[in-house]
Amino acid sequence: MSGKADVESLNRFDGLKWVVVALLVVVGVGGNYYFSAESLLYRVIGLVVLGGVAAVVAFQTDKGRVFWELLKDAKAEVRKVVWPTRQETVQTTLVVVAVVLVMGLVLWGLDSLLGWLVSSLIG
């Protein structure tokens, strides 16, 4: 029972954590505008630091933990993918380019034929 109470007390502060994240984003945007005369490097470093702090706070919430699990699962799934070889990629690309060219010629031919038919009917 104590574990459930701990989880509920953590969930209770999720709204406050999201407010802190939103405030960090607002401070970042406002600070970037306020210090617009400063070097771009310093402003980017400040934004990266604020973004990192905001991400850490966001990952402490329930939705943040779920999102983190989703990222880990996606990384595991990417490792399972069988990526095509360079030769397969080149061959598939050439087939796509050939089909696009052929379809372009077919559509151009149909357009020319229909344009000729319509102009001969009108004229």
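Residues numbered from 1 in each chain as written. Predicted model: local features only at pLDDT ≥ 70, side-chain atom pairs only at ≥ 80, totals over all residues. Heavy atoms only, no water.

Novice: An account of the packing of aromatic side chains is needed here, citing residue identities and associated values.
Specialist: Overall, the coordinates contain 3 aromatic pairs when judged by the stated rule. Note on Tyr34 and Phe35: the rings are 4.9 Å apart at their centroids and 85° apart in plane angle, and the pair reads as edge-to-face. The exposure class of Tyr34 is exposed, given its relative accessible area of 64%. For the ring pair Phe59 and Phe67, a centre distance of 6.2 Å and an interplane angle of 10° mean the geometry is stacked. Look at Phe59 and you get partly exposed, because its relative accessible area is 28%. (Phe/Tyr/Trp six-rings, centres within 6.5 Å; stacked < 30°, edge-to-face > 60°. Buried < 20%, exposed > 50% of the residue type's maximum accessible area, 1.4 Å probe, protein only.)

Novice: So what's going on with a nonpolar patch on the surface? Which residues, and what values?
Specialist: Side chains of Val95, Val99, Val102, Met103, Val106, Leu107, Leu110, Leu113, Leu114, Trp116 and Leu117 sit close together on the surface and give an oily, nonpolar patch of about 1000 Å² of accessible area. When you line up the elements, Trp116 lands in helix H5 (residues 86-122). The exposure class of Trp116 is exposed, given its relative accessible area of 55%. (Patch = residues over 30% accessible without salt bridge, like charges linked within 9 Å, V, L, I, M, F, W, Y side chains within 5 Å. Areas by Shrake-Rupley, 256 points an atom, 1.4 Å probe, with all protein chains shown as cover. Salt bridge = Lys/Arg side-chain N within 4 Å of Asp/Glu carboxyl O. Helix = DSSP H or I, 4+ residues; strand = E, 2+ residues; numbered from the N terminus.)

Novice: So, the confidence of the model for the protein: which residues are in play, and what are the values?
Specialist: Looking at the protein, the pLDDT average stands at 90 and 92% of residues meet or exceed 70. When the elements of the protein are averaged for pLDDT, helix H1 (residues 2-12) gives the smallest value, 60, and H5 the largest, 96. (pLDDT = per-residue confidence, 0-100.)

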